[in-house]
Structure formats: structure tokens, C-alpha cells
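Close look at the chain arrangement
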Amino acid sequence: MKLAFIGIGNVGFALADSLQKKGHEIIIAHDDVKSSSVQAAKDKNLNFKALPVQEAVNDSDIAFLATPFGINRSILEPLRFHGKILIDCTNPVGIGISHGLESKISGAEKVQEWAPDAKVVKSYTIYGYENLMNTTFPKYDVKPVMLIAGDDVEAKKEVSLLNTDMGFETLDVGDLPQALHLEHMTLLWVKMVRANGHHPNFTWAYLER
């Protein structure tokens, strides 16, 4: 598939690089295609190409949003997605690693508000980028789980296929408001790792009896 990445920092690049190695075509969506961030990503993976944001969205099958949450509204409101899937990989993080929207609404629901013609699916947020670069845990006979939320069932099926490509098992936790709880899982992971010194190379697993 053709995958457009709005945001190509640590998270965006980890996802884009992993998925390109699985055979997907990666388009960096940036209105300055010669910017230092775009060039740095292309230097690390020569298979990436770059297009202005709306052109990248138009040319893609699925778009990823991997930007700092605070700029999401200004990026999304001018864009038109025409019913395409938009994977929200962002998190509203507030002071002291708190929920940036005071846990009143998920960031994913705000993304849907700002991109009303997109099919928003929350994914790739409950771990740091380290576990998007490498999903293998050879000591265990189990795949790490990627939890997703969204209102469109078919869109979530498409995201599940990308999860499989990356080495994740998918657990659909429900409609988009459930993303609030995924964002709290993110805060737990971030507090453990970025604030309290736990090593980043761990994930959750889904075990059934």
C-alpha cells in the first residue's frame, strides 16, 4: 500500500521504516519537501519519497498522523481526506506527564473533529518508538499486542493488516472514545520509561485462556 506520513520524527520514522521494509510505499507528507527533517529521513531510508501534505494524502491509501499533538488542529483542518483512513499516532501530554485534555475527551476524538472526512483509527501510541522499530521478543512464544480503537470496522481491519506486517497481534478495544484509555496506557509507559528510568524495550501482550 501507499502510506503517507504526516510527521517523520522518532515515531513516524520508526513506523515508516518498518513498513517500507515490509513492502509498502512510503510518502513523507511535508509542505517543505527539502526541509532538514525530510532530508534526514530520506538519508536513513533511500526508498522514501516526499510530497506536499495534501498531495501525499491524495496519493496514499492510508495516512498516518505522527506529529506533536499541539499542532494537529492547524495541520488537519485545511486538509481533505475524502473518506481515507487516518491513523492517529499522537497523544495529548500535559504538564507532569498528565493527560493534555484533562481526560475529558481523547485526543483521537479531537483528531476526528478536525478531520471530519477521515476514518480515524487510534494505533501505535501505547509504546515508545523503540518498540515500533523492533517488535521481536525471542524469549517468548507470543507476539506483542497493539491495541486499536475507531468507529469504522473496515478501517480497523486495514490497520490490523499493517499491525500484522509489523509483527503485532491486534486487539480492537472498541469505538473511538476508547482511545482515551489507550492514551492513559501511553502515559503509564512514558512515566515508567522517560521519567522513572525503566528500560524501553518492553510491551504488553494479550493472553487468552
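Residues numbered from 1 in each chain as written. Predicted model: local features only at pLDDT ≥ 70, side-chain atom pairs only at ≥ 80, totals over all residues. Heavy atoms only, no water.

Looking at the overall build of the protein chain
Across its full length, the protein chain holds eight helices and 10 strands. Dimensions of the protein chain along its principal axes, counting C-alpha atoms only, are 45 × 40 × 35 Å. For the protein chain, contacts bridging at least 24 residues in sequence account for 68% of all contacts bridging at least 6. Element-wise, carbon and sulfur atoms account for 53% of the exposed surface of the protein chain, whose accessible area totals about 10200 Å². (Helix = DSSP H or I, 4+ residues; strand = E, 2+ residues; numbered from the N terminus. Contact = heavy atoms within 4.5 Å. Areas by Shrake-Rupley, 256 points an atom, 1.4 Å probe, with all protein chains shown as cover.)

Examining the packing of aromatic side chains
With the rule as written, the count across this model stands at eight aromatic pairs. Consider the rings of Phe202 and Trp204, whose centres lie 5.5 Å apart with planes at 75 degrees: the pair is edge-to-face. The partly exposed category is assigned to Trp204, whose relative accessible area is 21%. These aromatic residues form a ring-pair network of at least three members: Tyr127, Phe168, Trp189, Phe202 and Trp204. One cation-aromatic arrangement involves Lys44 over Phe13; the distance from NZ or CZ to the ring centre is 4.3 Å. (Phe/Tyr/Trp six-rings, centres within 6.5 Å; stacked < 30°, edge-to-face > 60°. Buried < 20%, exposed > 50% of the residue type's maximum accessible area, 1.4 Å probe, protein only. Lys NZ or Arg CZ within 6 Å of the ring centre and 35° of its normal.)

Side note on unusual backbone geometry
Phi is positive for His82, close to 55 degrees, though the residue is something other than glycine. Secondary-structure assignment places His82 in the loop between α4 (72-76) and β5 (85-88). Although it is not a glycine, Ile97 adopts a positive phi angle of roughly 55 degrees. With respect to the helices, strands and loops of the structure, Ile97 is situated in the loop between β6 (93-94) and β7 (98-99).

Some points on helix α8 (residues 179-195)
The first and last C-alpha atoms of α8 sit 23 Å apart over 17 residues, in line with the 24 Å expected at 1.5 Å per residue. Inspection of α8 places Ala179, Leu180, Leu182, Glu183, Thr186, Leu187, Trp189 and Val193 among the buried residues, and these make up the whole buried set. Its buried side turned inward, α8 meets β6, β7, α5 (107-114), β8 (119-122), α6 (130-133) and β9 (145-150). One or two residues past the end of α8 sits Gly197, with phi positive at roughly 85 degrees. (Expected span 1.5 Å × (residues − 1).)

Things to note about the nonpolar core
Note that soluble globular proteins tend to have their nonpolar side chains buried in a common cluster. The biggest cluster of nonpolar side chains holds 61 residues, and the ones touching the most others in it are Phe5, Phe64, Phe81, Leu86, Ile87 and Tyr124. Beyond its immediate stretch of four places on either side in the chain, Phe81 contacts Ile6, Val57, Ala63, Leu76, Leu86, Ala115, Asp117 and Ala118. (Core = buried A, V, L, I, M, F, W, Y, C linked by side-chain atoms within 4.5 Å.)

A word on the layout of surface pockets
Put simply, the largest pocket is a space of about 410 Å³. Lining the largest pocket are 20 residues, and of these Val11, Thr67, Cys89, Thr90 and Asn91 lie nearest its centre. Mapped onto the lining of the largest pocket, the elements with two or more residues apiece are α1 (10-20) and α8. The element contributing the most residues to the lining of the largest pocket is α8, with four residues. Of the residues that constitute the lining of the largest pocket, the class distribution is 11 nonpolar, eight polar and one charged. Counted as a void, the second largest pocket has a volume near 270 Å³. Taken together, 15 residues make up the lining of the second largest pocket; nearest its centre are Ile6, Gly7, Ala29, His30 and Ile75. Those elements that place two or more of their residues in the lining of the second largest pocket are β2 (25-29), α3 (53-59) and α4. Partitioning the lining of the second largest pocket into residue classes produces eight nonpolar, six polar and one charged. (1 Å grid on protein atoms, 1.4 Å probe; cavity = no way out; pocket = protein on both sides within 12 Å on 5 of 7 lines; lining within 4 Å. Points joined across faces, edges and corners; volume = space filled by probe spheres on them. Nonpolar A, V, L, I, M, F, W, Y, C, P; charged D, E, K, R; others polar.)

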